[in-house]
Amino acid sequence: MRLLPFLLAAEVLTLTAVAQDAASTPPAAAQQTPASPRPAARPSTSSPEIHPDRRVTFRLTAPGATEVAVAGQSIGKAALTKDDKGAWSVTVGPVEPGVWEYSLYVNGVQVIDPGNPDIKPQRSPRTSILHVRSEPPQPWDYQDLPHGTVHRHQFSSKSLDRMREFLVYTPPGYEVDSATRYPVLYLIHGFSDNQDSWSGHGKAHWILDSLIAQGKIAPMIVVMPDGHPVPPGGGPREDYWKSNSEAFEHELVKDIVPQVDRHYRTKAEPLNRAIAGLSMGGGHSMHTGIRHLDQFGWIGAFSAAVPEKDQVGEQFAKPEDLNQKLKLLWIACGKKDFLLERNRGFVGLLKEKGIQHQWLETEGDHSWPIWRGYLTEFTPLLFKDTAKN
């Protein structure tokens, strides 16, 4: 991987870009060194180890522990056994292909797997990632095809008067072609996650790379902001939802969108700007998108914590305006999702008001495997008939 630093405007203090498939050039001395033999087998402390038959071995060195278990998506729960050297292990599976979350439990305490550097990005990280590739590969699997770049920004938020951060994906070829302008999708994470979650765990950049390579979507820029301008704390959750949604709306529209349009080759009009998110981020998307039809022409809500009626009541009083300006309002939720009834109620309100929308009720619960699928279905619907704008 290669780090590509470059300078933005004064308010952007730090910006780095990580290219997914570029390799660093070794120093001259290293280039002259004869090739080393193939490395030996992975050490016994490595974890997880994925076998060719998709069985997976988890390991932990903890001589003082009295009980160790592993639990997570697609693997259930299994106890590890201890050898005479204090090393614990268990082999489970075969495990279904996918990107899964799991944790170790040491004497009943949930911990991240210390043998696995692949950690799910969260406000309070507590799970590791198990990625079992599919054959043929799915869009969220790494593939040998042209890749875009994920840029990291730290900036001084005028709205909040403190440092903030967002990530930006630029499609393959963006750095080479200096003339082309692109539509933009603002993509927002859920309550327990952060601005790294859509790329680090959702694999949004690989999904976009795959769909672009297949010709299923137009190349686009994707902005992944931090959905917590108000840090979660004590007090009723509904009060937090409202204050956080309002702060997010203000920062996105006043600070982030103008900054992205200044520093990237965007198509800066609502027909070429979309907003979507999952859970809390789905609520942000509907709340901000519906209230700013002059900014966003496409809205996606994945298992959304839908906004309250009073947050969008003024806009719902003018359904003809919504129907005229909004190209797509796409809402999806799983049948086992705890937010399903709230989504059904919101969809019922849309029907009552005569507001055009697409409603998709799918199998599944409130989890990332569902949201990766939603992103794969949603993005091909975007920016239709706007390529020449």
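Our structure's up above, just so we're on the same page.
Given the structure is predicted, the values throughout are model-derived calculations rather than measurements.

A. Spotlight on the overall build of the protein. Of regular secondary structure, the protein possesses nine helices and 19 strands. The contacts in the protein between residues at least 6 apart in sequence include a share of 70% that link residues at least 24 apart. When the accessible area of the protein is evaluated, it comes to approximately 18200 Å², of which 53% is carbon and sulfur surface.

B. Just the packing of aromatic side chains, in detail. Applying the stated rule across the entire model yields 19 aromatic pairs. Measuring from centroid to centroid gives 5.9 Å for Trp330 and Tyr374, while their planes differ by 80°, and the two rings are edge-to-face. On the criterion of sequence distance, the pair formed by Trp330 in strand β18 (residues 328–334) and Tyr374 in helix α9 (residues 368–378) is long-range, its members being 44 residues apart. For the pair formed by Trp330 and Tyr374, the shared burial category is buried. Between the aromatic rings of Trp368 and Trp371, the centroid separation amounts to 5.5 Å while the plane-to-plane angle is 80°, which identifies the pairing as edge-to-face. Of the two residues, Trp368 and Trp371 are both situated in helix α9; the distance of three residues between them amounts to about one turn of the helix. Exposure class is identical for Trp368 and Trp371. Each is buried.

C. Focus on the side chain of Ser210. By the element assignment, Ser210 lies in helix α3 (residues 204–213). Residue classification places Ser210 among the buried positions, given a relative accessible area of 2%. Beyond its immediate sequence surroundings of up to four residues, Ser210 is in contact with Pro139, Gln143 and Leu145.

D. Highlighting the layout of surface pockets. Considered as a void within the structure, the largest pocket measures approximately 390 Å³ in volume. Contributing to the lining of the largest pocket are 23 residues, with Phe191, Ser192, Ser279, His366 and Trp371 lying nearest its centre. Sorting the residues of the lining of the largest pocket by element identifies α4 (237–263) and α9 as the ones contributing at least two each. A total of three residues in the lining of the largest pocket trace back to one element, the largest contributor, which is α4. In terms of residue class, the lining of the largest pocket is built from eight nonpolar, eight polar and seven charged.

E. Inspection of helix α8 (residues 340–353) at higher detail. With 14 residues, α8 extends 20 Å from end C-alpha to end C-alpha; this agrees with the ideal 20 Å at 1.5 Å per step. Looking at α8, one finds that the buried residues are Leu340, Asn343, Phe346, Val347, Leu349 and Leu350. The inward-facing, buried residues of α8 abut α5 (280–291), α6 (309–316), β18 and β19 (358–362). Directly after α8, the chain includes Gly354, whose backbone phi takes a positive value near 75°.

F. Fine view of a negative patch on the surface. Together, Glu238, Asp239, Glu308 and Asp310 make up a region of like negative charge exposed at the surface. Structurally, Asp310 can be placed in helix α6.

G. Seen up close, the nonpolar core. In terms of nonpolar packing, the biggest core is built from 36 residues, with Tyr186, Val223, Met286 and Phe316 touching the most fellow members. For Phe316, the contacting residues outside a window of four places in its chain are Ile290, Leu322, Phe346, Leu349, Leu350, Lys353 and Ile355. Membership of the second largest hydrophobic core comes to 34 residues, among which are Leu185, Leu187, Trp198 and Val222.

Rules and cut-offs
- Residues numbered from 1 in each chain as written.
- Predicted model: local features only at pLDDT ≥ 70, side-chain atom pairs only at ≥ 80, totals over all residues.
- Heavy atoms only, no water.
- Helix = DSSP H or I, 4+ residues; strand = E, 2+ residues; numbered from the N terminus.
- Contact = heavy atoms within 4.5 Å.
- Areas by Shrake-Rupley, 256 points an atom, 1.4 Å probe, with all protein chains shown as cover.
- Phe/Tyr/Trp six-rings, centres within 6.5 Å; stacked < 30°, edge-to-face > 60°.
- Buried < 20%, exposed > 50% of the residue type's maximum accessible area, 1.4 Å probe, protein only.
- 1 Å grid on protein atoms, 1.4 Å probe; cavity = no way out; pocket = protein on both sides within 12 Å on 5 of 7 lines; lining within 4 Å.
- Points joined across faces, edges and corners; volume = space filled by probe spheres on them.
- Nonpolar A, V, L, I, M, F, W, Y, C, P; charged D, E, K, R; others polar.
- Expected span 1.5 Å × (residues − 1).
- Patch = residues over 30% accessible without salt bridge, like charges linked within 9 Å, V, L, I, M, F, W, Y side chains within 5 Å.
- Salt bridge = Lys/Arg side-chain N within 4 Å of Asp/Glu carboxyl O.
- Lys, Arg positive; Asp, Glu negative; His and termini not counted.
- Charge placed at Lys NZ, Arg CZ, Asp CG, Glu CD.
- Core = buried A, V, L, I, M, F, W, Y, C linked by side-chain atoms within 4.5 Å.

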